[in-house]
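Residues per chain are reported as follows:
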Amino acid sequence: MLLNLSLQVWDGCATYYGLSRGGVQEGNPLLRSCMEYWGVEVTVVGAKSAACVFLVYLHEVAYLSVS
């Protein structure tokens, strides 16, 4: 889980760096439209934060038994 969280942070930094340097547009159409509305910084931080919260949630519920 820590590796996956680290990769989320790295991907967010790399995406921000690439887009701020005039790189190719974001490939995800949902994120691209959010970037047009809220800007690159807010969208990247929001999307990566949501992904990290979801990863922690999945890690916590992985031990629950399904009946």
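Residues numbered from 1 in each chain as written. Predicted model: local features only at pLDDT ≥ 70, side-chain atom pairs only at ≥ 80, totals over all residues. Heavy atoms only, no water.

Chemist: Any chance you could explain the state of the cysteines here in plain terms?
Modeler: Disulfide: a covalent bond connecting the sulfur atoms of a pair of cysteines. This structure, assessed with the given rule, holds 0 disulfides. For Cys34, which is in no disulfide, the shortest distance to another cysteine sulfur is to Cys52 and amounts to 17 Å. (Disulfide = S-S within 2.5 Å.)

Chemist: Explain the side chain of Glu26 to me, please; I cannot follow it from the model alone.
Modeler: Within the secondary structure layout, Glu26 lies in the loop between helix H1 (2–20) and helix H2 (29–38). Despite its burial, Glu26 remains without a salt bridge, the nearest opposite charge being carried by Arg32 at 7.2 Å. A distance of 3.4 Å separates a polar side-chain atom of Glu26 from the backbone nitrogen of Asn28. In this view, Glu26 contacts Thr15, Leu19, Leu31, Arg32 and Met35; residues no more than four positions away in its chain are not counted. (Helix = DSSP H or I, 4+ residues; strand = E, 2+ residues; numbered from the N terminus. Buried < 20%, exposed > 50% of the residue type's maximum accessible area, 1.4 Å probe, protein only. Lys, Arg positive; Asp, Glu negative; His and termini not counted. Salt bridge = Lys/Arg side-chain N within 4 Å of Asp/Glu carboxyl O. Polar contact = N/O pair within 3.5 Å; in protein donor to acceptor, adjacent residues only side chain to side chain. Contact = heavy atoms within 4.5 Å.)

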